[in-house]
Amino acid sequence: MESREQSARFTSRNLSSSSSPFFSANQSPFFSPRSPSCQFSEPIQSDIPCEEISRNEVGRTSGDSQKFDHVSTSTGNSMNNCNFSSYSIEHSNAYSGHRDKQKKIGQSYLTSYTSSATSFSSNKLRSCDVFLGLHGRKSSLLTFANWLRAELEVQGVSCFVADKARCRRSRKRGVVERAMDVSSFGVIILTMKSFKNPYTIEELQFFSGKKNLVPIYFDLSPDDCLIRDIVEKRGELWEKHGGELWNLYGGVEREWREAIDGLSRADEWKLVAQDGQWRDCIMRAVTVLAIKLGRRSVVERLTKWREKVEREEFPFPRNENFIGRKKELSELEFILFGDVSGDSEREYFEIKARPRRKNLTIGWSRSSSAEERQKKRHIEGGSRKGKEPMLWKESEKEIEMQSTEHFKRQQSRPKYGGRHGRRKRSTKIVYGKGIACVSGESGIGKTELLLEFAYRYHQRYRMVLWVGGESRYIRQNYLNLWSFLEVDVGIENCLDKSKTKSFEEQEDAAISSVRKELMRNVPYLVIIDNLESEKDWWDHKLIMDLLPRFGGEVHFIISTRLPHVMNLEPMKLSYLSGVEAMSLMQGGARDYPLSEIDALRTIEEKLGRLTLGLAIVGSILSELPINPSRLFDTINRMPLHDMAWSSREAHLRCNAFLLQLFEVCFSIFDHADGPRSLATRMVLASGWFAPAAVPIPLLALAANKIPEKRPANKLWKEFLHVLTCGFTSSFSKKSEGEASSMLVRFNIARSSTRPGCLHFNELIKRYARMRGFTEVALAMVQAVISRGSISQHSEHLWAACFLIFGFRNEAKVIELKVSELLVLVKEVVLPLAVRTFITFSRCSAALELLRLCTNALEAADQAFVTPVDKWLDKSLCWRPIQTSAQLNPCLWQELALSRATVLETRSKLMLRGGQFDIGDDLIRKALFIRTSICGENHPDTIAARETLSKLTRLLANVQSHTS
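Parameters at a glance
Residues numbered from 1 in each chain as written. Predicted model: local features only at pLDDT ≥ 70, side-chain atom pairs only at ≥ 80, totals over all residues. Heavy atoms only, no water. Helix = DSSP H or I, 4+ residues; strand = E, 2+ residues; numbered from the N terminus. Buried < 20%, exposed > 50% of the residue type's maximum accessible area, 1.4 Å probe, protein only. Contact = heavy atoms within 4.5 Å. Areas by Shrake-Rupley, 256 points an atom, 1.4 Å probe, with all protein chains shown as cover. Patch = residues over 30% accessible without salt bridge, like charges linked within 9 Å, V, L, I, M, F, W, Y side chains within 5 Å. Salt bridge = Lys/Arg side-chain N within 4 Å of Asp/Glu carboxyl O. Lys, Arg positive; Asp, Glu negative; His and termini not counted. Charge placed at Lys NZ, Arg CZ, Asp CG, Glu CD. Phe/Tyr/Trp six-rings, centres within 6.5 Å; stacked < 30°, edge-to-face > 60°. Lys NZ or Arg CZ within 6 Å of the ring centre and 35° of its normal. Pairing = 2+ DSSP bridges. Axes fitted to C-alpha atoms, helices over the stretch in contact; angles between N-to-C directions. Core = buried A, V, L, I, M, F, W, Y, C linked by side-chain atoms within 4.5 Å. Expected span 1.5 Å × (residues − 1). Parallel < 35°, antiparallel > 145°, perpendicular 65-115°, else oblique. Left-handed = near helix turned anticlockwise from the far one by under 90°. Nonpolar A, V, L, I, M, F, W, Y, C, P; charged D, E, K, R; others polar. Right-handed = clockwise from strand over helix to strand, strands pointing away.

Peer 1: Tell me what's going on with the overall build of the protein chain, and back it up with residues and numbers.
Peer 2: Along the backbone of the protein chain there are 39 helices and 18 strands. Taken across its 963 residues, the protein chain has 54% of its residues classed as buried. Residue pairs in contact within the protein chain that sit at least 24 positions apart in sequence constitute 77% of those at least 6 positions apart. By element, 49% of the accessible surface of the protein chain is carried by carbon and sulfur atoms, the whole surface being about 43,700 Å².

Below is the structure:
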């Protein structure tokens with residue numbers, strides 16, 4: 001009876017929980033179900049309890065770490081009497097089920113389950129592709145093993161994983177031994193502590209004897225695994241961990257030496273994950289194993305994926321002249337990983353971590369019991385006394401450290417009552433939870449910091465996923481990750497034949513597909529750069545709804561100008577130090593006398609130490625034969641254009657010296673390329689493009705469409721000639737390649753990893769929009785309409801639509817001619833809306849675009865039927881014309897048919913979301929137009945009539961069911 005009750009409790013558990021010394025990402029605790037050769041017998045029930053701990057609690061405190069024991073399965077099956085440390089995160093239903101129950105029970109981070117045991121008879125355990133053995137409970141080791149196992153299984157390679165040292169019963173060890181017998185290859189992850197473990201030595205001996213040993217050197221290299229060095233404690237590595245290690249577990253010296261010697265015979269593999277080179281090691285391991293197993297398709301698939309990552313992983317090339325930010329980089333590492341290693345640990349500072357707060361939920365907690373809230377308040381209050389704060393120990397390089405008080409004291413609680421008296425509080429910086437937020441003003445270097453961190457630590461992630469955080473584009477940017485995550489976010493994937501889903505449900509399903517993939521055991525680094533708002537621009541939903549819950553293998557870094565994001569306390573990014581700022585401006589090009597150094601310091605102060613401004617100054621001093629004092633005088637004398645300042649641009653107006661610096665750059669470009677410098681016009685046009693990489697040909701085309709500007713003052717030209725003496729000034733027109741190269745050299749633009757594209761800083765784009773005029777926006781729109789690609793330039797096509805239609809009651813920036821509007825509808829609006837709807841399930845955005853387009857076409861049609869001016873009547877008195885439609889009937893008919901096409905498209909999309917009544921009304925309008933112009937028997941009219949019949953039938957079915 002007791003066994004049955006325990007079995008019932010077991011079957012009701014979340015099947016993705018971990019409760020075995022063996023784990024796999026599939027429904028078998030031993031094998032991947034993708035492999036047809038994996039066969040096993042029916043489980044035998046047992047009443048032996050197991051303890052379970054979830055992955056993100058690994059390594060919290062020394063007390064908790066004693067409870068970590070065994071490696072787990074990713075299913076609910078458990079083996080007898082095994083305490084284990086689970087390092088597998090749940091897959092499709094991660095962070096639900098038993099993890100929610102853990103929070104409700106409130107028993108720290110440990111939950112005990114009495115589960116049914118599972119045993120497998122040896123005659124049914126026939127084959128397995130890979131046996132993966134490891135020893136240890138270090139968080140980084142478990143993450144690496146988790147990733148390797150998930151990568152193998154997603155490629156269809158069955159995998160059996162075990163830490164045999166955690167098996168407390170002989171029957172469990174017998175299962176492991178049988179798995180070793182039937183495995184095609186034995187992958188053993190080696191650490192410094194592996195050679196002290198008798199089971200690791202046994203595994204090395206066994207697979208070495210079968211000549212199928214695949215060693216992976218985790219925190220050491222093959223050259224470190226020399227018997228003499230280990231025994232005699234030679235070198236820094238073995239001074240602490242070496243010696244006669246066989247004595248530590250009572251083994252035989254000869255067997256120990258034979259096991260170590262076996263590593264040299266597996267020399268062909270050379271799989272080294274040392275120094276954080278995880279990605280290369282894992283991908284090479286999977287590739288080589290796939291080749292040995294005859295899985296050629298796996299090799300081809302990984303090769304294509306690797307090529308795509310090399311091309312598209314990072315938005316910008318690495319900044320080889322990156323300066324400073326050592327403290328910030330180390331703090332980011334500590335926030336994300338919970339520790340620092342390598343150069344961060346040796347060179348910068350030592351960190352003594354304060355105890356972490358338990359039961360901490362970031363941004364997701366909606367309700368909790370009174371007892372839990374009281375407990376949390378007690379913990380928060382008590383953490384200020386009797387706890388050691390975080391200590392930052394300065395290095396020889398004298399890095400400026402912030403105060404050891406990282407957590408600001410809570411303000412005194414106001415007196416309130418009732419259910420509306422809840423006060424919103426921000427969660428302070430949390431270490432080791434995988435979420436970091438960097439805050440700072442525009443141009444201070446947030447993107448540069450995130451880019452440098454991504455390049456330094458990209459090997460610890462399967463991929464770096466870069467998401468632009470601008471409010472109008474963030475949802476689309478997030479859905480664009482589908483091609484890297486290899487998931488389907490299209491509308492066809494969300495459709496259920498038995499039920500018509502609403503538009504909101506279809507959009508949620510697409511977001512869920514991406515979020516679900518990010519909740520697997522595979523580590524990704526998701527960078528949300530320049531987050532403008534906590535809410536989505538389109539539907540005002542929280543950005544948090546896009547992301548998976550934090551605490552898993554996926555890490556998030558957010559850069560923003562907001563003071564707080566998602567109830568998190570951001571890491572405030574301060575200015576560069578005086579030495580770093582001086583180094584950035586000088587660029588190491590030449591030494592200046594003391595008077596010129598003072599001029600540089602003055603420029604630094606005037607610029608407010610903004611990294612962008614300092615980099616531009618350094619570029620000017622490097623490119624031109626000019627000293628700092630002359631440059632300072634030039635910037636001061638540069639006049640500014642009269643511009644209308646909005647409240648949003650107030651902070652930009654406060655830094656007039658930076659704007660004058662921009663004008664100096666424009667004047668230099670004009671001097672080098674003539675009065676209509678292509679480089680200057682490219683900068684002006686960039687302000688109206690989307691915040692994404694802009695193709696140089698598209699940018700140059702828009703620049704060439706900008707009309708002539710007023711000639712510069714003659715006296716100012718002479719002054720600029722003195723300024724730029726020695727700079728090439730042939731007044732010959734520069735090509736688009738030369739102009740873009742000039743922009744990059746002067747740090748006005750930066751190159752992109754996408755060939756032939758440029759990026760512009762948001763500060764420069766904002767100033768370009770203010771300095772430009774409506775004709776510049778029109779030039780950008782015309783260029784995008786004529787040369788834009790739906791698949792490659794969708795962001796810029798959306799930017800053009802924002803300018804033309806005026807979304808969300810925003811004023812229209814430009815007005816198009818009727819002929820241009822018709823081209824826009826045919827070439828841009830219709831294909832863009834359909835692609836947005838079908839491919840990305842962004843139903844609301846696509847339908848809003850079509851609605852505004854319909855309004856614009858109706859307004860143009862209304863203008864056509866409005867009586868023309870009297871002078872036109874007089875000039876054409878021989879033929880009385882009352883309207884523009886009569887004057888140009890062909891254009892009017894084309895306009896009407898274009899409106900019918902948009903209406904019909906809207907009705908078909910409404911059908912996808914079950915909005916049959918709205919779709920019926922729209923298709924009737926389209927049918928009336930087509931019948932009036934094309935006639936009853938025209939193919940387009942017949943097609944519209946068929947659509948109407950389908951909508952009418954569906955609408956009648958709905959009405960009959962509701963009645």
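Peer 1: Tell me about a positive patch on the surface, residues and numbers included.
Peer 2: On the surface, Arg137, Lys138, Lys193 and Lys240 cluster together into a positively charged patch. By secondary structure assignment, the location of Lys138 is in the loop between β4 (128-133) and α4 (139-154). The class for Lys138 is exposed, based on a relative accessible area of 53%.

Peer 1: For the packing of aromatic side chains, give the residues involved together with the corresponding values.
Peer 2: Here a ring pair, both rings aromatic, is described through the centre-centre distance and the interplanar angle of the planes. All told, the structure shown has 26 aromatic pairs when counted by the stated rule. Summarising the aromatic geometry, the rings of Phe206 and Phe207 are spaced 5.1 Å apart at their centres and angled 85 degrees between planes, so their arrangement reads as edge-to-face. Under the relative-accessibility criterion, Phe207 is labelled buried at 0%. Taken together, a centroid distance of 5.6 Å and an interplanar angle of 85 degrees make the contact between Phe669 and Phe746 edge-to-face. With Phe669 in helix α25 (residues 656-673) and Phe746 in the loop between α29 (736-745) and β17 (749-751), this pair connects stretches of sequence that are 77 residues apart. An aromatic cluster is defined as three or more aromatic residues linked by ring pairs; in this entry it consists of Tyr473, Trp537, Trp538, Trp798, Phe802 and Phe807. Here the basic side chain of Arg750 rests over the ring of Phe316, its NZ or CZ set 4.3 Å away from the ring centre.

Peer 1: Hey, could you go over the pattern of salt bridges for me, with residue numbers and the actual values?
Peer 2: Following the criterion strictly, the structure yields 39 salt bridges and no others. For Glu448, the salt bridge is made with Arg750, and the minimal N-O distance between the two is 2.6 Å. Here Glu448, found in helix α15 (residues 446-457), pairs with Arg750, found in strand β17; they are 302 residues apart in sequence, far enough to count as distant. The network of salt bridges with common partners includes Glu904, Lys908, Arg930 and Asp940.

Peer 1: Explain the sheet that holds strand β15 (residues 571-572) residue by residue, including any values.
Peer 2: Strand order in the open sheet made by the 5 strands is β12-β13-β14-β11-β15, with parallel pairing throughout. Only two strands of the sheet have a single partner each, and these edge strands are β12 (463-468) and β15. Bridging between strand β13 (residues 524-531) and strand β14 (residues 555-560) involves 5 bridges; their strand directions are parallel. When the sheet's bridge partners are listed, Leu525 is paired in β14 with His555. The strands that α15 touches are β11 (435-439), β12, β13, β14 and β15; relative to β13, the one it contacts most, it runs at about 170 degrees.

Peer 1: Before we move on, can you summarise the nonpolar core with the specific residues and values?
Peer 2: Phe453, Leu743, Phe805 and Phe807 are the most contacted members of the largest nonpolar core, which totals 156 residues. Core analysis: the next-biggest nonpolar cluster, separate from the first, contains 102 residues, Leu141, Leu263, Leu481 and Phe550 among them.

Peer 1: Help me get a handle on the sheet that holds β17, residues and values and all.
Peer 2: Strand order in the open sheet formed by 3 strands is β16-β18-β17, and the pairing between neighbours is antiparallel. If you trace the sheet from one side to the other, it starts and ends with β16 (694-695) and β17, each paired once. Sheet topology places β16 next to strand β18 (residues 757-760); 2 bridges connect them, and they run antiparallel. The residue bridging Pro695 from the neighbouring strand is Cys757, located in β18.

Peer 1: Account for α4, naming residues and giving values.
Peer 2: Residues three or four positions apart in an α-helix share a direction because the helix packs 3.6 residues into each turn. For α4, which comprises 16 residues, the first-to-last C-alpha distance of 22 Å matches the rise-based estimate of 22 Å (1.5 Å per residue) to within 8%. The positive-phi residue at the C-terminal boundary of α4 is Gly156, with phi of around 85 degrees.

Peer 1: Give me the packing of helix α37 (residues 889-912) against helix α39 (residues 939-962): which residues, what numbers.
Peer 2: Helix-helix packing: each pair is described by the crossing angle between the helix axes and the interaxial distance. Contact pair α37 / α39: the axes reach a minimum separation of 11 Å and the direction vectors enclose 30 degrees. Classified by the angle their axes make, α37 and α39 are roughly parallel. The way α37 lies across α39 gives a crossing that is left-handed. Residues Glu904, Ser907, Lys908 and Leu911 of α37 lie in contact with α39, whose contacting residues are Ala943, Ala944, Thr947, Lys950, Leu951 and Leu954. A breakdown of the residues in the contact of α37 with α39 according to their chemical character gives 5 nonpolar, 2 polar and 3 charged.

Peer 1: How would you sum up the packing of helix α6 (residues 198-209) against helix α9 (residues 253-265)? Please name residues and give values.
Peer 2: Orientation of α6 relative to α9, taken along the N-to-C sense of each, is 55 degrees, at an axis distance of 9 Å. Between α6 and α9, the interaxial angle falls into the category oblique. Our pair here, α6 against α9, has a crossing hand that is left-handed. The segment α6 lies against α9, with Ile201, Leu204, Gln205 and Ser208 engaging Glu255, Trp256, Glu258, Ala259, Gly262, Leu263 and Arg265.

Peer 1: Go over the environment of Phe185, please, and point to the residues and values.
Peer 2: Within the secondary structure, Phe185 sits in strand β6 (residues 183-190). For Phe185, a relative accessible area of 12% corresponds to the buried category. In the structure, Phe185 is positioned 54 residues away from Phe131 in sequence and 6.2 Å away in space, judged by C-alpha atoms. Once residues lying within four places of it in the same chain are set aside, the contact partners of Phe185 are Asp129, Val130, Phe131, Phe207, Asn212, Val214, Trp269, Leu289, Lys292 and Leu293.

Peer 1: Provide a residue-level description of α6, including the pertinent values.
Peer 2: The end-to-end C-alpha distance of α6, which contains 12 residues, comes to 16 Å, matching closely the 16 Å that a straight helix rising 1.5 Å per residue would cover. Each element contacted by the buried residues of α6 is listed here: β4, α5 (170-182), β6, β7 (213-217) and α9. Positive phi shows up at Lys211, right after α6, with a value of about 60 degrees.

Peer 1: Give me the pairing of β7: which residues, what numbers.
Peer 2: β7 sits mainly inside the fold: 5 of its 5 residues count as buried. Side chains of β7 alternate between two faces, with Leu213, Pro215 and Tyr217 and Val214 and Ile216 buried alike. Relative to β7, β6 is paired through 5 bridges, and the arrangement is parallel. Residue Val187 lies in a different strand from β7, and its bridge partner there is Val214. Taken together, β6, α6 and β7 constitute a β-α-β crossover, and its handedness is right-handed. When β7 meets strand β8 (residues 271-272), the two strands line up parallel, connected through 2 bridges. Along β8, the bridge assignment pairs Tyr217 with Val272.

Peer 1: Tell me about the pairing of β14, and please be specific about residues and values.
Peer 2: Taken across its 6 residues, β14 has 6 buried, putting it largely inside the fold. Burial along β14 is two-sided: the residues His555, Ile557 and Ser559 and Phe556, Ile558 and Thr560 are all buried. Here β11 pairs with β14 via 5 bridges, running parallel. Among the inter-strand pairings, Ile435 is bridged to a residue of β14, identified as Phe556.

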